[in-house]
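Structural description and commentary
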Amino acid sequence: MKVCRRTTFNSAHRLLNHNWSDEKNREVFGKCNSPNYHGHNYVLETWLEGEINPDTGYVIDLGILKGIIKEEVEDPFDHKNLNLDVPEFKTLNPTAENITVVIFKKLKKRLPEFKLTVRLYETQNNFVEYTEDY
Ligand code: NI
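Residues numbered from 1 in each chain as written. Predicted model: local features only at pLDDT ≥ 70, side-chain atom pairs only at ≥ 80, totals over all residues. Heavy atoms only, no water.

1. Brief notes about the overall build of the chain
Our working rule: Each helix is a run of H or I in the DSSP string that is no shorter than four residues. Each strand is a run of E no shorter than two, and both are numbered from the N terminus. Note on classification: 1.4 Å probe, protein chains only; a residue is buried when its accessible area is under 20% of the maximum for its type, exposed when over 50%, partly exposed between these limits. Whether two residues are in contact is decided by their heavy atoms: any pair within 4.5 Å suffices. Residue-level accessible areas treat just the shown protein chains as cover; the underlying method is Shrake-Rupley with a 1.4 Å probe.
Each helix and strand in the chain was counted, giving four helices and five strands. Counting from the amino terminus, the chain carries its helices and strands in the arrangement β-α-β-α-β-α-α-β-β. Here the C-alpha coordinates of the chain stretch approximately 60 × 30 × 25 Å along the principal axes. Scored against the burial criterion, the 134 residues of the chain give a buried share of 40%. When contacts within the chain are restricted to residue pairs at least 6 apart in sequence, long-range pairs at least 24 apart make up 65% of them. Accessible surface for the chain amounts to roughly 8,100 Å². Of this, 48% is attributable to carbon and sulfur atoms.

2. Description of the nonpolar core
The condition is simple: Buried Ala, Val, Leu, Ile, Met, Phe, Trp, Tyr and Cys residues that are joined via side-chain atoms within 4.5 Å together make up what is termed a nonpolar core.
Formed by 27 residues in total, the largest nonpolar core has its most connected members in Phe77, Ile103 and Leu107. Broken down by element, this core gets its largest block of residues, six residues, from helix 4 (residues 96–110). Beyond its immediate stretch of four places on either side in the chain, Ile103 contacts Phe9, Leu44, Val73, Phe77 and Val118.

3. Quick notes on the coordination of the nickel ion
Cut-off, in case you're wondering: Water is absent from the atoms considered, so a metal site may look incomplete; donors are defined as N, O and S atoms within 2.8 Å of the metal, or 3.2 Å for Na, K and Ca.
Within the first shell, the nickel ion binds the protein through His13 (NE2), His38 (NE2) and His40 (NE2), at distances of 2.0 to 2.1 Å. Counting gaps between the donor residues of the nickel ion yields the pattern H-x24-H-x1-H. Here His13, found in strand 1 (residues 2–13), pairs with His38, found in strand 2 (residues 38–49); they are 25 residues apart in sequence, far enough to count as distant. When its relative accessible area of 1% is taken as the criterion, His13 is described as buried.

4. Observations regarding the pairing of strand 2
The two faces of the sheet receive side chains in turn, since in a regular strand these alternate between them. Selection rule: Strand pairing is assigned whenever DSSP detects at least two bridges linking the two strands.
Sheet topology note: the strand 1/strand 2 ladder contains twelve bridges and is antiparallel. The partner of Asn10 across the bridge, within strand 2, is Asn41.

5. Brief notes about helix 2 (residues 62–77)
The following threshold applies: Two axes are fitted around each residue, one to the seven residues ending there and one to the seven starting there, and the angle between them is reported as the bend at that residue. Polar contact is the term for a pair of N or O atoms within 3.5 Å; when the atoms are in protein, one must be able to donate a hydrogen and the other to accept it, and sequence-neighboring residues count only if both atoms are side-chain atoms.
Along helix 2, the helix axis deviates most sharply at Lys70, where the bend reaches about 45 degrees. Those residues of helix 2 not exposed but buried are Leu65, Ile68, Ile69, Glu72, Val73 and Phe77. At its buried positions, helix 2 is contacted by strand 1, strand 2, strand 3 (80–81), helix 3 (82–85) and helix 4. A side-chain oxygen of the first residue of helix 2 lies 2.8 Å from the backbone nitrogen of Gly63; this N-cap is Asp61. Looking at the residues trailing helix 2, positive phi occurs at His79, about 60 degrees.

6. Considerations on the sheet that holds strand 5 (residues 127–131)
Strand pairing within a sheet occurs via backbone hydrogen bonds; the two strands may be parallel or antiparallel. Note the following rule: In this description, a line fitted to the C-alpha atoms serves as the axis of each element, helices being fitted only across the stretch in contact, and the angle between N-to-C directions of two axes falls anywhere from 0 to 180 degrees.
The strand order across the open sheet formed by five strands is 3-1-2-4-5, and the pairing between neighbours is mixed. At either end of the open sheet lies a strand with only one pairing partner, and these are strand 3 and strand 5. Two elements, strand 2 and strand 4 (residues 115–121), share seven bridges in a ladder whose sense is antiparallel. Bridging from a neighbouring strand, Leu48 pairs with Leu116 of strand 4. The strands that helix 2 touches are strand 1, strand 2 and strand 3; relative to strand 1, the one it contacts most, it runs at about 15 degrees. Set on the sheet, helix 4 makes contact with strand 1, strand 2, strand 4 and strand 5; between it and strand 4 the angle comes to about 145 degrees.

7. Some thoughts on unusual backbone geometry
Across residues other than glycine, the phi torsion is negative in most instances, and most of the peptide bonds are trans. Positive phi is not limited to glycine here, since Tyr37 has a value of about 70 degrees. In this structure, Tyr37 sits in the loop between helix 1 (22–29) and strand 2. Its identity as a non-glycine residue notwithstanding, His79 has a phi of 60 degrees, on the positive side. Mapped onto the elements of the fold, His79 is located in the loop between helix 2 and strand 3.

Just geometry here; none of it tells us what the structure is for.
In structure tokens:
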């Protein structure tokens, strides 16, 4: 059984590779490299796969999942500048791909008993997904 919690957060970022020159960063990342940052309304889907607990009828109490996502993602990321405010992106380029892996690792630590899939929409049409194999 798979269950999902949808979460939104708003963050600013700037794409860049710290090992490259300004010119190469502009060439590769274009507008996404604008020095004054830009924002996205991110939509996060957190999918958990597990058995239905026969006592509760739940895979997980979604209120508990909501609280974990708030602590691990919303509180540190929402209304923040990912490059400047979030330690994980001090040197890691905050692409949707890298943000998703960072979120996955944070949530996996809190939810080790479930098969976890994280899907992140950076725009309505662009989204990435990271999961694990068993
Ligand atoms: Ni962007």
